[in-house]
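Coordinate analysis (summary)
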Amino acid sequence: TRAYAAERMRAWIREAAGGAERSFKWGIKRADGELLWVRIHLSPYTESGRRRVLAEVSDITAHYIASRRVGLFSRLLRHNLKNGVTVVAGRAEYIRAVSDAPAVRDCAAEIHRKAMDIGRLTESVKEIERATTRTVDDRTHRHATAAVTDVVERFRDTHPAADLTVEEREQM
């Protein structure tokens, strides 16, 4: 319900004000009824001695919809592959069991082995799904100065003659 969602959001903001960073997906229904998906990242910070919460909101609607479609496609593909492979492998085993001809039994055994190989492809489909759907969710938030300092440190190691410094300006 909307009341539950609003209370949950307030709780997350209170947690961030208390010092805990928080990232989550949130569905927002526009006045025209369209549903948008956003990633919200809440970060605590202090300004002039007062605790505040900074909210970074990114529209992830296209990514969210695409990842849901990829997930559905992946599940359907894995289901259909497993069903088809089960039928082919079962028929190959049956043919191998009832045939008197060695060549037919050998062919049936080969069909069974290949069917099992194809069945293992369903795991590859899962890996592809994971690789294509984690880009937004797996992002981490870092202070820009920390990220730049890491890069500068790596360059210092490979370019010792270079004079590299990182200075952070005061917060506005």
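Below, the structure is looked at part by part. (Residues numbered from 1 in each chain as written. Predicted model: local features only at pLDDT ≥ 70, side-chain atom pairs only at ≥ 80, totals over all residues. Heavy atoms only, no water.)

1. Overview of the overall build of the protein
- Per the secondary structure count, the protein includes four helices and three strands.
- Helices (α) and strands (β) of the protein occur, in sequence order from the N terminus, as α-β-β-β-α-α-α.
- Here the protein has a C-alpha radius of gyration of 27 Å; the compact-globule value for 172 residues is 16 Å, and the former is much larger.
- Here the C-alpha coordinates of the protein stretch approximately 90 × 60 × 30 Å along the principal axes.
- Of all 172 residues assigned to the protein, the portion counted as buried reaches 20%.
- Considering only residue pairs separated by 6 or more positions, the protein has 38% of its internal contacts joining residues 24 or more positions apart.
- In the structure as shown, the protein presents an accessible area of about 13,000 Å², 55% of it carried by carbon and sulfur atoms.
- Charged side chains in the protein number 31 positive and 25 negative. The centres of these two groups are separated by 8 Å. (Helix = DSSP H or I, 4+ residues; strand = E, 2+ residues; numbered from the N terminus. Rg over C-alpha atoms; globule rule 2.2 N^0.38 Å. Buried < 20%, exposed > 50% of the residue type's maximum accessible area, 1.4 Å probe, protein only. Contact = heavy atoms within 4.5 Å. Areas by Shrake-Rupley, 256 points an atom, 1.4 Å probe, with all protein chains shown as cover. Lys, Arg positive; Asp, Glu negative; His and termini not counted. Charge placed at Lys NZ, Arg CZ, Asp CG, Glu CD.)

2. Overview of the side chain of S99
- For S99, the location among the structural elements is in the loop between α2 (61-98) and α3 (102-133).
- On the accessibility criterion, S99 (14% relative accessible area) is buried.
- Here A101 takes part through its backbone nitrogen, which lies 3.1 Å from a polar atom of the side chain of S99.
- What S99 contacts, discounting residues up to four positions off in sequence, is V104 and R105. (Polar contact = N/O pair within 3.5 Å; in protein donor to acceptor, adjacent residues only side chain to side chain.)

3. Considerations on the pattern of salt bridges
- Per the stated rule, a full pass over the model turns up nine salt bridges.
- With its nearest N and O atoms 3.3 Å apart, the salt bridge here joins R10 to E7. Of this pair, R10 and E7 are both found in helix α1 (residues 2-17), three residues apart, which corresponds to roughly one turn of the helix.
- With a shortest N-O distance of 3.1 Å, R30 and D32 are connected by a salt bridge. (Salt bridge = Lys/Arg side-chain N within 4 Å of Asp/Glu carboxyl O.)

4. Focus: the packing of aromatic side chains
- This structure, assessed with the given rule, holds four aromatic pairs.
- Taken together, a centroid distance of 4.2 Å and an interplanar angle of 45 degrees make the contact between W12 and F24 tilted. Linking W12 in helix α1 with F24 in strand β1 (residues 22-29), this pair joins segments that are 12 residues apart in sequence.
- With a relative accessible area of 11%, W12 lands in the buried category.
- Measuring from centroid to centroid gives 4.2 Å for W37 and Y64, while their planes differ by 25 degrees, and the two rings are stacked. Linking W37 in strand β2 (residues 35-47) with Y64 in helix α2, this pair joins segments that are 27 residues apart in sequence.
- Assessed through its relative accessible area of 14%, Y64 is described here as buried. (Phe/Tyr/Trp six-rings, centres within 6.5 Å; stacked < 30°, edge-to-face > 60°.)

5. As for the side chain of S43
- One can find S43 in strand β2.
- A distance of 3.2 Å separates a polar atom in the side chain of S43 from a polar atom in the side chain of H41.
- Leaving out residues up to four positions away in the same chain, S43 has contacts with E21, R52, V53 and L54.

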